[in-house]
Structures are given as structure tokens and as C-alpha cells.
Amino acid sequence: MEHNAERENGEGSAPSSYSRDMKEARRSVREALRSDLPAAHGGLGVTVVALIVVAVSAGPRWTAIVAAGFTVWFVLALAVIRLGGGRGGDAVRRAHIATFGWANWI
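Calculation rules
Residues numbered from 1 in each chain as written. Predicted model: local features only at pLDDT ≥ 70, side-chain atom pairs only at ≥ 80, totals over all residues. Heavy atoms only, no water. Helix = DSSP H or I, 4+ residues; strand = E, 2+ residues; numbered from the N terminus. Expected span 1.5 Å × (residues − 1). Buried < 20%, exposed > 50% of the residue type's maximum accessible area, 1.4 Å probe, protein only. Contact = heavy atoms within 4.5 Å. Phe/Tyr/Trp six-rings, centres within 6.5 Å; stacked < 30°, edge-to-face > 60°. Axes fitted to C-alpha atoms, helices over the stretch in contact; angles between N-to-C directions. Parallel < 35°, antiparallel > 145°, perpendicular 65-115°, else oblique. Left-handed = near helix turned anticlockwise from the far one by under 90°. Nonpolar A, V, L, I, M, F, W, Y, C, P; charged D, E, K, R; others polar.

**Remarks on helix α4 (residues 60–83)**
Since the α-helix turns once every 3.6 residues, residues separated by three or four places project in the same direction.
Logical step 1: End to end, α4 covers 34 Å across 24 residues, agreeing with the expected 34 Å (1.5 Å per residue, within 8%).
Logical step 2: If you check which residues of α4 are buried, you get Thr-63, Ala-77 and Ile-81.
Logical step 3: Packed against the buried residues of α4 are α3 (37–58) and α5 (88–100).

**Focus: the packing of aromatic side chains**
Logical step 1: Taken as a whole and assessed by the stated rule, the structure comprises two aromatic pairs.
Logical step 2: Their ring planes at 25° and their centres at 5.7 Å tell us that Phe-70 and Trp-73 sit as a pair that is stacked. Remark: Trp-73 and Phe-70 occur in helix α4; sequence separation between them is three residues, near one turn of the helix.
Logical step 3: Trp-73 gets classed as partly exposed once you look at its relative accessible area, which sits at 39%.
Logical step 4: Each ring, one from Phe-70 and one from Phe-100, has its centre 5.8 Å from the other, and the planes form 15°; the classification is stacked. With Phe-70 in helix α4 and Phe-100 in helix α5, this pair connects stretches of sequence that are 30 residues apart.
Logical step 5: Note on Phe-100: relative accessible area 9%, which makes it buried.

**Brief notes about the packing of α4 against α5**
Logical step 1: Two elements in contact, α4 and α5, have axes separated by 8 Å at closest approach and are oriented at 135°. Taken as axis vectors, α4 and α5 run oblique relative to one another. In this structure, α4 crosses over α5, and the sense of that crossing is right-handed. Contact with α4, carried on its side by Phe-70, Trp-73, Phe-74, Ala-77, Leu-78, Ile-81 and Arg-82, involves Gly-88, Ala-91, Val-92, Arg-94, Ala-95, His-96, Ala-98, Thr-99 and Phe-100 of α5 and no other residues of that element.
Logical step 2: Here the residues of the contact of α4 with α5 sort into 11 nonpolar, three polar and two charged.

**Let's talk about α5**
Logical step 1: Between its first and last C-alpha, α5 extends 19 Å over 13 residues, near the 18 Å set by a 1.5 Å rise per residue.
Logical step 2: Lining the buried residues of α5 we find α3 and α4.

**Details of the environment of Ser-35**
Logical step 1: By the element assignment, Ser-35 lies in the loop between α2 (14–33) and α3.
Logical step 2: On a C-alpha basis, the gap between Ser-35 and Ala-103 in space is 8.5 Å, while along the polypeptide they are 68 residues apart.
Logical step 3: Those residues in contact with Ser-35, other than ones at most four positions away along the chain, are Ile-97, Gly-101, Asn-104 and Trp-105.

The values are spatial; any link to function lies outside them.
The following block contains the structure:
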């Protein structure tokens, strides 16, 4: 009985089909969750409007708390990107997108 490793690990085998399907699923999730700079600018705009609404309705204390939350989020994203090797303006742009890129989904 001959053991054919090529046929077993070939293009149509279950492990390669699974790998191919997983790569495709991950790619489609990445595409769905991808955000860009215009969306980040929109998210920043929505945040500013929300801060104005909070300032009018709840006062400066809650405005400062919400603004501090977004600031911490941005600084944390910037620190993670810098630790990952991002430098200069590209790191700031990526942190901006990470912080405010959620506007794609509103």
C-alpha cells in the first residue's frame, strides 16, 4: 500500500480547504471592520457635537470626563502603535483612526 503525501496534503484535502476558508473568512471580517481617515474625521466631528450637547445639558464636569475618556483612548492607541513600531505622523494617523474610525457604522 503506497502512502501518497501529495494527495493527502494536496489542494483538495480537508486541511487545505479549511485553511483557505478560514483565510477568506478572516479577510472578509477585516474588510468589514476596516476604517479610514474620512470616517475618523467624521467620528471626531460626532464626538465634538456630542461634547457640546453634554456641555449644554450636563455641565463642564461631565464634558471633561467624556473628553478625558477619548483622550485616554487616543493616547493608549498611540502608545500601542508606537510600541508596535509606528513612527511619527503615521502613528498619529493610525491612532486617530483607531480612536474615531467608528463613524463608518453610524
